[in-house]
Amino acid sequence: MEATALSAGFNPLLKRKGYKFPRSCSLRNSMSLVRCNSKDLSFGLNKRNPQGSIAINHRGLSFKTNAFEQAHSVAGDCSFDEDTTAKTRSHVAEDKIGVLLLNLGGPETLNDVQPFLYNLFADPDIIRLPRPFQFLQGTIAKFISVVRAPKSKEGYAAIGGGSPLRKITDEQADAIQMALQAKNIAANVYVGMRYWYPFTEEAVQQIKKDKITRLVVLPLYPQYSISTTGSSIRVLQDLFRKDPYLAGVPVAIIQSWYQRRGYVNSMADLIEKELQNFSDSKEVMIFFSAHGVPVSYVENSGDPYQKQMEECIDLIMKELKARGVYNNHILAYQSRVGPVQWLKPYTDEVLVDLGKNGVKSLLAVPVSFVSEHIETLEEIDMEYRELALESGIENWGRVPALGLTESFITDLADAVIESLPSAEAMSNPNAVVSEDSESSDAFSYIVKMFFGSILAFLLLLSPKMIDAFRNHII
Ligand SMILES: C=CC1=C(C)c2cc3[nH]c(cc4nc(cc5[nH]c(cc1n2)c(C)c5CCC(=O)O)C(CCC(=O)O)=C4C)c(C)c3C=C
Ligand SMILES: [Fe+2]
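What you are looking at is a predicted structure, and each value in this text was computed from that prediction instead of being measured.

Engineer: Looking at this model, I keep getting lost on the overall build of the protein chain. Mind explaining?
Structural biologist: Of the regular secondary structure elements, the protein chain holds 18 helices and 12 strands. Each of the 474 residues in the protein chain was classed as buried or not, and the buried ones make up 55%. Taking the contacts inside the protein chain whose residues are at least 6 apart along the sequence as the reference set, 81% of them involve residues at least 24 apart. Carbon and sulfur atoms make up 53% of the accessible area of the protein chain, which amounts to about 21000 Å² in all.

Engineer: Can you walk me through the packing of aromatic side chains in this structure?
Structural biologist: Considering all chains together, one arrives at 7 aromatic pairs under this definition. Here the aromatic rings of tryptophan 196 and phenylalanine 199 are separated by 6.2 Å at their centres, their planes lie at 65°, and the arrangement is edge-to-face. Their ring planes at 65° and their centres at 4.8 Å tell us that tyrosine 197 and phenylalanine 199 sit as a pair that is edge-to-face. Residue classification places tyrosine 197 among the partly exposed positions, given a relative accessible area of 39%. On the basis of relative accessible area, phenylalanine 199 is assigned to the buried category, the value being 17%. Its guanidinium or amino end placed over the ring of tyrosine 297, arginine 128 lies 4.0 Å from that ring's centre, counting from NZ or CZ. In this arrangement the basic side chain of arginine 336 is found over the ring face of tyrosine 346, its NZ or CZ atom lying 3.8 Å from the centre.

Engineer: What is the right way to read the packing of helix α11 (residues 261–275) against helix α13 (residues 305–322) from this model?
Structural biologist: Their axes nearest at 9 Å, the elements α11 and α13 cross at an angle of 60°. Between α11 and α13, the crossing angle belongs to the class labelled oblique. Regarding α11 and α13, the two cross each other, and that crossing is right-handed. Between α11 and α13, the contacting residues are Arg261, Tyr263, Val264, Asn265, Met267, Ala268, Ile271 and Glu272 on the first element and Cys312, Leu315, Ile316, Glu319 and Leu320 on the second.

Engineer: Can you walk me through the site of ligand 1 in this structure?
Structural biologist: Among the 31 residues in the neighbourhood of ligand 1, the closest are listed as Arg148, Ser152, Tyr156, Ser163 and His291. Taking serine 163, its side chain carries an N or O atom lying 2.9 Å from an oxygen atom of ligand 1. Coverage of ligand 1 by the protein amounts to 98% of the 800 Å² it exposes when considered alone. Sorting the residues of the shell around ligand 1 by element identifies α5 (113–121), α6 (137–158), α9 (226–242) and α15 (374–390) as the ones contributing at least two each. A total of 4 residues in the shell around ligand 1 trace back to one element, the largest contributor, which is α5. Grouping the amino acids of the shell around ligand 1 by side-chain chemistry returns 19 nonpolar, 10 polar and 2 charged.

How each quantity is defined
Residues numbered from 1 in each chain as written. Chains lettered and ligands numbered in written order. Predicted model: local features only at pLDDT ≥ 70, side-chain atom pairs only at ≥ 80, totals over all residues. Heavy atoms only, no water. Helix = DSSP H or I, 4+ residues; strand = E, 2+ residues; numbered from the N terminus. Buried < 20%, exposed > 50% of the residue type's maximum accessible area, 1.4 Å probe, protein only. Contact = heavy atoms within 4.5 Å. Areas by Shrake-Rupley, 256 points an atom, 1.4 Å probe, with all protein chains shown as cover. Phe/Tyr/Trp six-rings, centres within 6.5 Å; stacked < 30°, edge-to-face > 60°. Lys NZ or Arg CZ within 6 Å of the ring centre and 35° of its normal. Axes fitted to C-alpha atoms, helices over the stretch in contact; angles between N-to-C directions. Parallel < 35°, antiparallel > 145°, perpendicular 65-115°, else oblique. Left-handed = near helix turned anticlockwise from the far one by under 90°. Near = heavy atom within 4 Å. Polar contact = N/O pair within 3.5 Å; in protein donor to acceptor, adjacent residues only side chain to side chain. Nonpolar A, V, L, I, M, F, W, Y, C, P; charged D, E, K, R; others polar.

Written out as structure tokens, the structure reads:
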């Protein structure tokens, strides 16, 4: 896991601070620190419960923890040194802790689809225009969102008329809050979406209202990409810099967590379980399908997404091998949009090739996201399944998203706890992004803007471009 304080975290490539955290921590907090509704919580130390276990039941979810086990080590991999443990303890005692889950957001009704797409394409981390053309971002976003909306609406209509992302993320927030309570950490867990309600701005307002004094930011993307975690953190940075209260709140950002044991093991559990549904389980091709990003992100902007994705798959496969599962596997990228090159190989092309090459059984594993969403429920379950069956694959399976899997939620709670001591206030709230010297030449700027606008509109209106945005299905 990489956790960085807010001031260090916004450009992981340039400003990595080099924090190193253990995979688990030892906590010696008093149980009296647990604050929650007594109906939801029971614990005690008596003859019937000599381990001092704590059971929490809340909205149908339940967690158990062992107070004594916690007192020594949560998972036993390794533990914080005395100093870090003492710091964690003092934060828990003195601070009002908040956890902000960052996610993408999704349209809840078909009427939301076009404005949701507008928000997405208006994000300069999604459509990255050269500086002289950035004033066109809103217009281009409007244009693409209108062109793409009908196709997108079909997809959302096929999964029940809207994205399930808000509901699932709220449930994950509740579950993480309870898992933290089970580990003697009282925290408020907030959800901040990038492109739809509840927006990150709303969550941040609530954090301020609640007078949170220490914040952990946990993006719900296992791997870091400029287009996902990077984009959300940029928004957060702007909000924190502008506000004197927030600028002083110590913040820790967990940039990526695909390498955590709890995550890797939970993924391996799901894959192992799903393999059992095949009669020829040893012959099944494990097909990891990740959301793509344009190649330029990786090659020109240093996006670590592809490297992290490959490492993530290696870790999961190593874990499976350690369990005696030796299936073949492959990684491909799905969901490309627009006319540029995306990370290869493309999921649809690989499925066709595998079918041609005689693969008969295939287990699809969505790996870049931890909730069910349009790309698992529509793109994988419907479109790719159909394509695979047409291409000669006879047995198809799909691993569910991690969602509320207990071992996974518990591990995220551990990640939060481990990052608490590293939280730091923004060190330089007045820092402003330096102006590009290019724009100082006013005349050349105006000329570029004028011809740029004409060129951009000609390009955008070309039939090839319209088709690329309309038909590359997400
Ligand atoms: C790690 C996950 C994701 C990456 C990386 C990512 C990059 C990325 N996405 C688009 C364009 C679209 N994404 C859309 C939906 C969508 N994207 C992700 C995740 C990642 N995106 C999720 C989980 C979702 C679904 C949300 C939901 O409603 O359930 C869409 C809209 C869907 C559609 O039109 O059909 C678009 C468009 C780009 C351009 C990009 C990288 C630059
Ligand atoms: Fe996306």
